[in-house]
Every structure is written in structure tokens, then in C-alpha cells.
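Summary of the model geometry
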Amino acid sequence: NEKITIYERIGGAEKVRQLVEAFYPRVQAHPLLKTIFPEDIQPVMEKQYLFLTQFFGGPPLYTNEYGHPMLRARHLPFPITPARAEAWLSCMHEALDEVGISGLEREQIWSRLVMSAHHMINQQEK
Ligand code: HEM
């Protein structure tokens, strides 16, 4: 049934939590990313958990807490180059592999994340 959301098909809250927990250690280890993220990553993980829940079609947890995501605007304080967008996507690709998100859900999630990451670019390489 195509009315069932991606959120439900991947396994709901537990799987989104696993994905976030697989993603941020990679971000913190990546030479291009670790410099722009805060050392205390827990608050970022929590916001990403709320955001991805609604991004995948689950309950609007992020919006309930923080209002309209306006993600491009919220990222403007950080220099996001094309190389950083690719780095972010590579960490996410590995995280999706680690938590075993595959098949049609994976394809749908991946194409949306690629579009969003490219949309976040706000600075060219220097
Ligand atoms: C926040 C980097 C793409 C979702 C952040 C922060 C950084 C960052 C540095 C702020 C951390 C802090 O609070 O200090 C990047 C980079 C990206 C990228 C380099 C590469 C393209 C994305 C994408 C999404 C996303 C594609 C969603 C699909 C979020 C969310 C927050 C956030 C939800 C928290 C926003 C808030 O403060 O409420 N990101 N990001 N990011 N990012 Fe990204």
C-alpha cells in the first residue's frame, strides 16, 4: 500500500534513532565536517531525529518544537561548499548502509536527501 509512509516502512522511531546515531559519529570524524559542527553533538542529533521523523512522513515533531524548518536559512551561518555537501551525503550513505535501510525506501530517501543536500550549498570552493 503506497499510502503507508516511508517512516512506517523503514521501522518508525527506532530506525530513525538508529540512523541518527550511525550518522553523527561519521560527521564528527570527517575532516571537512568536524570543523563546522559543535563538539557537543547531542542537541544536533536530537534536532535531526525530530526533523528526519517528519521528513520521512512521520509525525511533525520538528515543526511542533521549532516551527517551519527553513533548513537553507538555518544553514546559512555555516559555509556549505559542494565538497561539504558530498561529504555529508557520504556519511549519510554509510549510515543508511549500517542500519540496513534498503530497497525502494532507500531509493526514495536517497534521492530526497541528495536534493536537500545540494539545496543547502551556500558557498563555492575557495
Ligand atoms: C543543522 C551542516 C545538510 C538537517 C546543521 C548544522 C550544521 C549542519 C553545521 C548546525 C549544527 C549546530 O547547531 O551548531 C550541514 C552540512 C550539510 C547539511 C555541511 C551538507 C549539505 C543537511 C540536510 C539536512 C540537514 C540535507 C536534512 C535533510 C539539519 C537539521 C539541523 C541541521 C534539521 C538542525 C537545525 C536547527 O538548528 O534546528 N547542519 N547540514 N542538514 N541540519 Fe544540516
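These numbers were taken from a predicted model, which means no experiment stands behind them. (Residues numbered from 1 in each chain as written. Predicted model: local features only at pLDDT ≥ 70, side-chain atom pairs only at ≥ 80, totals over all residues. Heavy atoms only, no water.)

Okay, the coordination of the iron atom of the ligand next. You will see that the iron atom of the ligand has only one donor from the protein, His75 (NE2), lying 2.0 Å away. Along the chain, the position of His75 falls in helix α5 (residues 71–75). (Donors = N, O, S within 2.8 Å, 3.2 Å for Na, K, Ca; no water. Helix = DSSP H or I, 4+ residues; strand = E, 2+ residues; numbered from the N terminus.)

Summed over the entire model, instances satisfying the criterion amount to seven aromatic pairs. Look at Phe23 and Tyr24: their rings are 4.7 Å apart centre to centre, the planes differ by 75 degrees, and that puts the pair in the edge-to-face class. Phe23 sits in the buried class, given a relative accessible area of 1%. Under the relative-accessibility criterion, Tyr24 is labelled buried at 2%. (Phe/Tyr/Trp six-rings, centres within 6.5 Å; stacked < 30°, edge-to-face > 60°. Buried < 20%, exposed > 50% of the residue type's maximum accessible area, 1.4 Å probe, protein only.)

This part takes up the site of the ligand. Taken together, 20 residues form the shell around the ligand, and within it Phe37, Lys47, Tyr62, His75 and Trp88 come nearest. Here an oxygen atom of the ligand sits 3.2 Å away from a polar atom, N or O, in the side chain of Lys47. With respect to the pocket detection grid, the ligand is positioned in the largest pocket. For the shell around the ligand, the elements supplying multiple residues, two or more each, are α3 (42–55), α5, α6 (82–98) and α7 (103–119). (Near = heavy atom within 4 Å. Polar contact = N/O pair within 3.5 Å; in protein donor to acceptor, adjacent residues only side chain to side chain. 1 Å grid on protein atoms, 1.4 Å probe; cavity = no way out; pocket = protein on both sides within 12 Å on 5 of 7 lines; lining within 4 Å. Sits in = over half its atoms within 2 Å of the grid points.)

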